[in-house]
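# Structural features, examined
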Amino acid sequence: MSHVKVELKPEQVTKIKEICKSFNNNPGELINVLHQTQGAFGYLPAEVQEVVAAELGIPVAKVYGVVTFYSFFTMLPKGKHPISVCTGTACYVRGAEKVLDEFKRILEVKVGESTPDGKFSLNCLRCVGACGLAPVVLVGDKVYGRVSPDGVKDILNEYAD
Amino acid sequence: MHILVCGGTGCRASSSDAIVEKFKSELAANNLENDVQVIMTGCFGFCEKGPIVKVLPDNTFYTQVKPEDAAEIVKEHVIKGRKVNRLLYLDPAKKEHVSDSKHMGFYRKQIRIALRNCGFINPENIDEYIARDGYQAIGKVLTEFDPQQTIDIIKKSGLRGRGGGGFPTGLKWEIASKNKADQKYVVCNADEGDPGAFMDRSVLEGDPHSVLEAMSICGYCIGASKGLIYIRAEYPLAIKRLKVAIAQAREYGLLGNDIMGTGFSFDVELRYGAGAFVCGEETALIHSMEGLRGEPTNKPPFPAESGYMGKPTNVNNVETFANVCPIILKGADWYSSIGTEKSKGTKVFALAGKINNVGLIEVPMGITLREVIFEIGGGIKNGKKFKAVQTGGPSGGCLTEKHLDIPIDFDNLIAAGSMMGSGGMIVMDEDDCMVSVAKFYLDFTVEESCGKCAPCRIGNKRLYELLDKITKGEGTMDDLDRLRNLSKVIKDTALCGLGQTSPNPVLSTLDNFYDEYLAHVQDKKCPAGKCKALMKYVIDPEACVGCTACARNCPVNAISGERKKPHSINTAICIKCGACIEKCKFDAISIK
Ligand SMILES: Cc1cc2nc3c(=O)[nH]c(=O)nc-3n(C[C@H](O)[C@H](O)[C@H](O)COP(=O)(O)O)c2cc1C
Ligand code: SF4
Ligand code: SF4
């Protein structure tokens, strides 16, 4: 994978340091630190991980190990409108796969990718717990229930601007 | 008068916030805002018909309410005392409206212990919890019993862990209480990784204090002053309500130092998961809380000896904790009078899949699958035929028609080749391909395996590849033997519960649906019509009237033909999406 180097601005470095400090630079709080850092930056590129590692006094490899272990953390930026298709069991048996296929087809991306214009990114997620509405799709924080392949177009059209 | 609006994740996704606002403004417009209270509660359970609105005191149960219905409910029901019939539940068998939930098939056989407050109280108001006997159990324990007496009550009640293993809870507490240490921990496992199970989330969203109170009782029993809740980051609403609950309990002196002036101190903090199923396993969970990769370690040592930060730690599931306070208040004998000989009390199940009434139910142990699926669940969607029910999530198995009448409990489900798991129950119908279902679970396991041990990391991948081969029509009879043998090896040699149970979906479908595997391997056919590689969409020229509906809806323009003349499908282009079949009104398209 080609890696685009990210230049962190001084205020961004300060922000990461502040987050680490709020957890007393305690390596045991690594996961909480990463949650907040991702909340602030949207994703966790290598450069961000390096700052976190230095602040908590642990090897970068350890931070990287944790980031890549947990699916909630991502090293790639999400699209402006991140789309998540629930592929939990309840959604699967109610046809989530077809919905996912339709998103892939229309957006011409694979799961985990963003559209070239950075507008949409497509991901799968396991169960938001709204199984009564299966199959479920999330765009940002908005939940769409009982989505059919036909309805995919309409969802995307809501974000046409 | 009270108007209760369901504020669970499912109903909120369909606008319960707007419904609450609308009720408030309608009431204000009629100068009723002081006479009628609008409360957003936790989940009522009947998610299929959400958003749900309940009007008290007459217990009227409105289904699929929209914000614009608020005006009519206020005008008709609140002011004139006339129920709004069109929003009442329609009993599908009797074709009658039912207004009181007690008389609905969905609720009739339920007994609510863990979910006792869900849908009754505002989870963000501690006073409402207290009004329903909240924080009485901890008061009783602190003033009337010593730790061992309390443990004895839990032991006698027969409560077993609801996180999947079914380990006796009282015994677990006793072991932790006997290990000496300067610090011990009570951990609540709210990782709920089984996709399709959402009972723990509903308890935390609907009744967070019941878990906090039970954790304090556990702390008193084992001698711990610190509690930690490990909760998935994917549950923002549950996290928010827990935070509110913890703050309120601290303010009331029900968490913190010297609780109720008894000298007992206990406080609770939250720790967040980050999307890894294996972190539900207790040793992995503890490593994750320590800021590490969530990889399991060998037991022993058990957490009760050496857990969080190397200290004795008692890990229990959310639902296990939710049962504790009622046991203390109503007694062990009351609790053990419910259920079967070896599994006492109730179990919460998340009913989902091809069933009419999707939702969250709490039923006594010993109820049959038939009662759950056909009476409570209202049977199979669209009048289709029942095929299988999957219990126990990725660690469980698929049960069939012949298992419908066994009483559900921990031991019977294992004997039938599945397990209780956390309580997910996914119902499948004739259209579901069981080989694909097994493949779906293996896909999950391969993704979620932490990779620490070879049988799980490599073995499951091979299982997945074999299943994939079969669904593509390339499987051989040898592959079927290989599936079975490899499954057994993985079960015997994997390090943690994830790998030890991951072949269960394969083994149970091989046992119960061997014919279907044979059809894929020998006849190269998928009887359910699910496996794309094995099917071909064709238009019957006799039945086709040339209406062009199919051609207009084909996303890849694979259908050609003139108006009013039979159409045909170019199978080289067709992506087998099925859109044409749904659009054809003349049943001219079929899967061959
Ligand atoms: C792979 C795996 C995943 C698990 N996931 C969960 C879970 O999500 N929630 C849970 O409470 N227990 C889960 N468990 C069970 C826990 O290890 C542990 O037994 C349980 O939290 C103990 O609580 P209990 O005795 O109250 O059931 C899981 C176990 C395994 C092997
Ligand atoms: S069985 Fe799987 S999840 Fe468990 S330790 Fe081994 S590799 Fe990790
Ligand atoms: S199945 Fe889909 S792709 Fe194939 S012909 Fe029908 S509509 Fe077109």
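Positions within a chain are numbered from 1, following the residues in the order the chain's sequence is written. Here every chain gets a letter starting at A, and every ligand a number starting at 1, in the order they are written. Reporting in this predicted model follows two pLDDT cut-offs: at least 70 for local features of residues, and 80 or more for side-chain atom pairs to be given and counted; totals over whole chains, interfaces and linings ignore these cut-offs and use all residues. With hydrogens and water stripped out, all remaining heavy atoms of the structure feed into the side-chain values.

Tallying secondary structure elements over chain A gives seven helices and four strands in all. What counts as a helix is a DSSP run of H or I of at least four residues, what counts as a strand is a run of E of at least two, and both are numbered from the N terminus. Moving toward the C terminus, one meets the helices and strands of chain A in the order α-α-α-α-β-α-α-β-β-β-α. Based on the C-alpha atoms only, the size of chain A along its principal axes is roughly 50 × 30 × 25 Å. Approximately 7,700 Å² of chain A is accessible, and the part contributed by carbon and sulfur atoms is 54%. In this tally, Asp and Glu contribute negative charge and Lys and Arg positive charge; neither His nor the terminal groups of the chain are included. Just so you know, the charge point we use is NZ for Lys, CZ for Arg, CG for Asp and CD for Glu. Taken together, the 18 basic and 18 acidic charged side chains of chain A have centroids lying 4 Å from each other. Per-residue and other accessible areas were derived by the Shrake-Rupley procedure at a 1.4 Å probe size, with only the shown protein chains allowed to occlude residues.

As a further point, take the site of ligand 2. In the vicinity of ligand 2 lie 13 residues, with Cys450, Cys453, Cys456, Cys496 and Gly499 of chain B positioned nearest. Classifying every residue of the shell around ligand 2 by side-chain character gives nine nonpolar, three polar and one charged. Definition of nearness: a residue and a molecule or strand are near each other if at least one heavy atom of the residue lies within 4 Å of the molecule or strand. Lys, Arg, Asp and Glu make up the charged group, whereas Ala, Val, Leu, Ile, Met, Phe, Trp, Tyr, Cys and Pro make up the nonpolar group; the residues left over, Gly among them, are polar.

A word on the confidence of the model for chain B. On average, chain B scores 94 in pLDDT, and the residues at 70 or more come to 100%. At the level of chain-chain contacts, confidence expressed as ipTM amounts to 0.89, with global pTM at 0.92. On a range of 0 to 100, pLDDT expresses the predictor's confidence in each residue.

Near ligand 3 there are 13 residues, and of these Cys554, Cys574, Cys577, Gly578 and Cys580 of chain B occur at the shortest range. Among the residues making up the shell around ligand 3, the classes are represented as 11 nonpolar, one polar and one charged.

Soluble, globular proteins show a tendency: their nonpolar side chains are buried together. By convention a nonpolar core is built from buried Ala, Val, Leu, Ile, Met, Phe, Trp, Tyr and Cys residues, the set being connected through side-chain atoms within 4.5 Å. Summary of the burial criterion: residues with accessible area below 20% of their type's maximum are buried, those above 50% are exposed, and those between are partly exposed, where the area comes from a 1.4 Å probe applied to protein chains only. Core analysis: the biggest nonpolar cluster contains 122 residues, and Trp173, Ile217, Ile229 and Ile231 of chain B have the highest contact counts within it. In terms of residues, this core owes the most to one element, helix α10 (residues 208-222) of chain B, which gives nine residues. Only heavy atoms enter the contact rule, under which two residues are in contact if any of them lie within 4.5 Å. Excluding residues that lie within four positions of it along the chain, isoleucine 229 of chain B makes contacts with Cys188, Ala190, Leu212, Met215, Leu242, Val268, Glu269, Leu270 and Arg271 of chain B. Counting 43 residues, the second largest nonpolar core, distinct from the first, contains Cys20 and Val63 of chain A together with Ala274 and Tyr308 of chain B.

This next bit is on the domain arrangement of chain A. How big an interface is tends to be stated in terms of accessible area lost as the parts join. Taken domain by domain, chain A consists of domain 1 (10-69) and domain 2 (81-157). Between the C-alpha centres of domain 1 of chain A and domain 2 of chain A the distance comes to 30 Å. Start and end points for every domain follow an automatic or database-based domain assignment.

With that settled, the discussion passes to the pairing of strand β2 (residues 37-41) of chain B. Residues and elements named next belong to chain B. For β2, a buried count of four out of five residues is recorded, marking the element as mostly surrounded by other parts of the structure. A pair of strands is treated as paired once DSSP finds two or more bridges between them. Pairing of strand β1 (residues 2-6) with β2, which is carried by five bridges, proceeds in the parallel orientation. Within the sheet, the bridge partner assigned to valine 5 lies in β2 and is methionine 40.

Here the focus is the packing of helix α2 (residues 16-29) of chain B against helix α3 (residues 70-80) of chain B. Residues and elements named next belong to chain B. Packing of α2 against α3 leaves a shortest axis separation of 8 Å and a crossing angle of 50°. The angle between α2 and α3 places the two elements in the oblique class. Helix-helix and strand crossings are classified by hand; for α2 and α3 the assignment is right-handed. In this structure, α2 contributes Lys22, Phe23, Glu26 and Leu27 to the contact, and α3 contributes Ala70, Ala71, Ile73, Val74 and Val78. The class makeup of the residues in the contact of α2 with α3 is seven nonpolar, no polar and two charged. For helices, the fitted line uses only the C-alpha atoms of the stretch in contact; every axis is such a line through C-alpha atoms, and the angle between N-to-C directions lies from 0 to 180 degrees. Any angle between 65 and 115 degrees counts as roughly perpendicular, while under 35 counts as roughly parallel, over 145 as roughly antiparallel, and the rest as oblique. Here a crossing is called left-handed whenever its near helix is offset anticlockwise from the far helix by less than a right angle, and right-handed whenever the offset is clockwise.

Let us look at the layout of surface pockets. All names here are of chain B. By volume, the second largest pocket is sized at about 1,300 Å³. Only protein atoms enter the 1 Å grid used here, on which a cavity is any set of points holding a 1.4 Å probe that cannot leave and a pocket is any open set flanked by protein within 12 Å on both sides along at least five of seven lines; residues with an atom within 4 Å of a point are listed as lining. Taken together, 48 residues make up the lining of the second largest pocket; nearest its centre are Gly163, Gly164, Gly165, Gly280 and Glu281. Elements with a minimum of two residues in the lining of the second largest pocket: α8 (169-178), β11 (313-317) and α21 (497-501). In terms of residue count, the dominant contributor to the lining of the second largest pocket is β11 (five residues). Broken down by class, the residue content of the lining of the second largest pocket amounts to 14 nonpolar, 24 polar and 10 charged. Grid points are joined across faces, edges and corners, and a volume is the space filled by probe spheres set on the points.

In this analysis, a patch consists of residues with relative accessible area above 30% that form no salt bridge, clustered at 9 Å for like charges and at 5 Å for the nonpolar side chains Val, Leu, Ile, Met, Phe, Trp and Tyr. Basic side-chain nitrogens of Lys or Arg form a salt bridge, by our definition, when they fall within 4 Å of a carboxyl oxygen of Asp or Glu. A cluster of basic side chains, namely Arg552, Arg563, Lys564 and Lys585 of chain B, defines a positive patch on the protein surface. Here arginine 563 of chain B shows up in the loop between β18 (559-560) and β19 (568-569).

Here the focus is the sheet that holds strand β4 (residues 142-144) of chain A. All names here are of chain A. Spatial ordering of the open sheet is given by β2-β1-β3-β4, a layout of four strands whose pairing is mixed. The open sheet has two free edges, formed respectively by β2 (120-125) and β4, since each of these has just one partner strand. On average, each strand axis in the sheet is tilted by 20° relative to the strand beside it, whichever way the strands run. Where strand β1 (residues 81-86) lies against strand β3 (residues 137-139), three bridges are found, and the strand directions are antiparallel. Following the sheet pairing, isoleucine 83 is matched in β3 by valine 139. Packed onto the sheet, helix α6 (residues 96-107) meets β1, β2 and β3 and runs at close to 150° relative to β1.

For the rest of this paragraph, the subject is the domain arrangement of chain B. Under the domain assignment used here, chain B contains domain 1 (2-106), domain 2 (126-333), domain 3 (346-429), domain 4 (434-523) and domain 5 (536-591). Between the C-alpha centres of domain 3 of chain B and domain 5 of chain B the distance comes to 38 Å.

On to the sheet that holds β2 of chain B. Residue and element names in this part refer to chain B. With mixed pairing, the four strands of this open sheet are ordered in space as β2-β1-β3-β4. Both outer strands of the open sheet, β2 and β4 (60-62), are each paired with one neighbouring strand and no more. With direction set aside, neighbouring strand axes in the sheet form an average angle of 20°.

Take the interface of chain B and chain A next. Each partner contributes to the interface: chain B provides 55 residues, whereas chain A provides 37 residues. Defined here as a combined quantity, buried area equals the accessible surface (1.4 Å probe) lost by two parts on assembly, summed across both. In terms of surface lost to chain A, no three residues of chain B exceed Ala274, Arg293 and Phe440 of chain B, which account for 17% of the buried area on that side. The interface formed by chain B and chain A includes six salt bridges. The salt bridge partner of aspartate 150 of chain A is lysine 583 of chain B, with a shortest N-O separation of 2.8 Å. Polar contact is the term for a pair of N or O atoms within 3.5 Å; when the atoms are in protein, one must be able to donate a hydrogen and the other to accept it, and sequence-neighboring residues count only if both atoms are side-chain atoms. Our enumeration of links across chain B and chain A arrives at 19 residue pairs in polar contact (both at pLDDT 80 or more). Of all elements in the fold, only α1 (9-13), β10 (264-272), α12 (282-289), β12 (346-353), β16 (424-429) and α18 (434-448) of chain B reach the threshold of two or more residues within the side of chain B that touches chain A. In terms of residue count, α18 of chain B provides more of the side of chain B that touches chain A than any other element does, seven residues in total.

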